Amino acid sequence: MIELRDVTKDYRLGETTVQALRGVTLHIKEGDFVSVCGPSGSGKSTLLNLLGCLDMPTSGMVLLMEKDVADFRDSELSRLRNNTIGFIFQSFNLIPVLTSFENVEYPLLISKTGKKERKQMVARMLDEVGLSKFAKHKPDQLSGGQRQRVAIARALVTNPRVVLADEPTANLDSATGHEILELMKKMNEDHRTTFIFSTHDAKIRGYASDVYTISDGRIVQ
Amino acid sequence: MNTLILAIKNIFKNRRRTVITFLAITSGMTGLIVFGGYMEFTFMGLRESTIRTQLGHVQVAKKGYFEKGLANPGKYLIRESESVERVLARMPEVKLVTSRLTFSGLISTGERTLSCKGFGINVAEESAGDMNTFETVVDGQQLDESTGPGDGVVGVELMKALGAKVGDYLTLLTTTIDGTMNALEFKVVGVAETGSKEYDSVFVKLPLPFVKRLVNCNAVEKFMVLLNDTDDLGKATKRINGLLATDLQGMEYRTWSELADFYLKVERLYRGIFDIIIFIVGVIVLFSIANTITMSVFERTREIGTLRAIGTTRLGTMRLFLTEGILIGIIGGIIGVVVGIMVAYAINFSGGIYVPPPPGQNRGYLAMVLIVPQVILYAFASIVGVSALSSLYPSFKASRLKIVEALHHI
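Residues numbered from 1 in each chain as written. Chains lettered and ligands numbered in written order. Predicted model: local features only at pLDDT ≥ 70, side-chain atom pairs only at ≥ 80, totals over all residues. Heavy atoms only, no water.

We now examine the sheet that holds strand S7 (residues 162-166) of chain A. Residues and elements named next belong to chain A. Pairing in this open sheet of six strands is mixed, and the strands run S6-S7-S8-S3-S9-S10 from one edge to the other. Each edge of the open sheet carries a strand with a single partner, namely strand S6 (85-88) and strand S10 (218-219). As judged from the four bridges shared by strand S3 (residues 33-37) and strand S9 (residues 210-215), these two strands associate in the parallel manner. Across the sheet, Val-36 pairs through a bridge with Tyr-212, a residue of S9. Strands in contact with helix H5 (residues 144-156) are S6, S7 and strand S8 (194-199); relative to S6, the strand with the most contacts, it is inclined by about 170°. (Pairing = 2+ DSSP bridges. Helix = DSSP H or I, 4+ residues; strand = E, 2+ residues; numbered from the N terminus. Contact = heavy atoms within 4.5 Å. Axes fitted to C-alpha atoms, helices over the stretch in contact; angles between N-to-C directions.)

Turning our attention to the pattern of salt bridges. Here the structure, examined in full by the defined rule, presents 25 salt bridges over all chains. For Glu30(A), the salt bridge identified is with Arg161(A), shortest N-O distance 3.2 Å. Taken together, the residues Glu30(A) in the loop between strand S2 (16-28) and S3 and Arg161(A) in the loop between H5 and S7 connect sequence positions 131 residues apart. Judged by its relative accessible area of 40%, Glu30(A) falls in the partly exposed class. A salt bridge links Lys160(B) to Glu157(B), with the nearest nitrogen and oxygen atoms 3.7 Å apart. (Salt bridge = Lys/Arg side-chain N within 4 Å of Asp/Glu carboxyl O. Buried < 20%, exposed > 50% of the residue type's maximum accessible area, 1.4 Å probe, protein only.)

Counting 88 residues, the largest nonpolar core has Ile107(B), Leu172(B) and Phe186(B) as its most contacted members. The element that contributes the greatest number of residues to this core is helix H2 (residues 15-55) of chain B, accounting for twelve residues. Taken together, domain 1 (2-49 + 263-407) and domain 2 (64-249) of chain B each give at least three residues to this core, which thus spans both. In this structure Ile107(B) touches Arg112(B), Thr113(B), Leu114(B), Cys116(B), Leu158(B), Leu162(B), Leu170(B), Thr171(B), Leu172(B), Phe186(B) and Val204(B), once residues within four positions along its chain are discounted. Membership of the second largest hydrophobic core comes to 35 residues, among which are Leu126(A), Ala135(A), Leu142(A) and Val163(A). (Core = buried A, V, L, I, M, F, W, Y, C linked by side-chain atoms within 4.5 Å. Domains from an automatic or database assignment.)

Rendered as structure tokens:
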């Protein structure tokens with residue numbers, strides 16, 4: 001369902017140009033639980049950004065459900081990210097002024113889901129991540145693990161086809177990290193949602209069904 | 001609705017910054033309301049004094065008088081004055097109708113002679129209808145029922161120049177309607193001041209019959225109509241328009257505003273100054289809100305990246321920050337209106353602001369601050385407009401951030 005064809009990505013860093021990706025081709029199938037591994041600076045984040053339509057490749061093609069994302073306008077990409085792709089971030093990135101409930105609700109507000117349906121979906125999602133009791137808490141009243149659970153609920157509430165998680169466990173202790181991966185795996189199985197997560201932690205990658213190792217902007221295995 | 005709630009939450013997240021922004025807006029608004037109210041008070045005072053000492057609300061005269069009458073008043077005299085007066089006095093809005101017959105000539109103590117402008121008034125009507133409210137008698141008394149047919153009131157500066165005092169007999173010298181010289185003596189019963197130095201150094205006020213005798217003609221130049229309330233002017237002129245076709249044929253009228261050149265110039269000047277002050281306050285508010293929103297965008301760059309990643313459009317992002325800026329303007333503006341009105345009341349309660357004599361005047365006065373809804377609305381609308389304007393650019397910048405860069409912003 002997601003395909004990269006000979007994708008390169010260059011960044012300008014001051015005077016120099018950094019080649020973050022140097023010709024990546026890969027194909028991720030529906031329902032996969034994929035891990036992208038590699039040391040920091042290897043191009044994992046860049047790869048995930050391209051998969052999530054947050055950025056455009058310098059050359060090559062990104063195909064999402066057989067469609068070239070380069071053909072989409074910015075507003076169409078926004079809609080695509082809203083209802084087809086879910087994001088989980090390393091530092092959780094919850095909206096600090098909103099409660100857990102409101103954070104999870106936010107993507108549904110963008111997609112203008114009806115109020116009654118919206119409330120039901122959010123409540124069900126919070127229940128699935130085990131945070132029903134924390135619905136009225138703001139992010140700064142939650143632990144790191146809880147925040148990441150809220151983020152997972154937010155990523156999945158729109159019932160997306162794919163969830164992208166960039167180093168989802170890097171800011172968590174290893175026990176909590178394993179819990180988060182367990183939760184993601186469970187979601188992958190329950191919802192048949194494709195998961196792609198990046199990590200540099202060898203212990204975590206064991207959860208994945210497919211592992212791509214990336215080094216110096218190339219997939220090495 | 002959802003944007004609005006999020007904007008409110010964000011505004012009150014950084015309380016200190018928001019409060020400082022509110023303070024800037026509130027002090028600006030208070031300044032505008034107090035100055036605007038003071039300005040309106042000045043207009044009102046000047047308007048009423050112009051109407052009551054010099055013009056009346058409406059003046060009625062023979063057709064052509066207002067254009068050419070000054071050079072040749074004899075040609076436009078109203079001889080059927082009693083019937084015209086009766087018609088005007090019947091209108092329900094009218095408080096008082098009086099007539100004027102003016103002359104210019106010389107005034108003399110016998111030793112010293114100066115030029116003067118004299119006018120005859122209907123003593124009984126005018127003293128009953130407070131036509132002289134704004135003319136203060138500084139020595140002696142005003143013309144009223146107790147004064148005689150040969151008594152007059154003279155401007156304070158003119159009296160000084162003549163070296164005369166109350167009780168003296170002065171001689172007036174002028175040409176009559178038919179061009180011969182005539183002189184009459186009158187007794188000074190009062191010295192008065194209007195606040196205008198120029199006017200105080202020429203005017204002589206006398207009973208109408210005395211002036212009629214002096215210029216040897218039994219007519220008047222014009223009628224001055226004083227209304228119960230300046231706000232009734234529209235109704236009154238409508239009625240007079242109707243009368244011009246019937247009872248007042250061959251006559252025309254002017255409203256006070258068409259005659260009060262000085263007042264209109266002062267009003268225009270003040271309104272110009274007020275706009276400049278609004279502009280200055282606007283610039284301060286502009287920078288204040290622009291700073292707040294820019295800081296907010298900068299601090300929340302990663303949040304913007306997140307919002308964009310989960311599907312917020314560029315327009316939605318822009319709308320969020322724009323809403324915050326406008327809300328700050330609206331809330332600050334409302335606080336400003338409340339505080340401004342309170343300050344205005346406090347000033348009025350403490351007795352007003354002492355204003356030294358304006359140029360050409362010899363009396364200072366205590367200014368009050370009028371609470372005028374139009375002024376407050378004007379100031380409020382300007383501030384809200386400015387707040388929208390000042391958050392436009394930072395909001396636009398926020399909507400154009402590159403998502404990937406925004407997400408990695410620390």
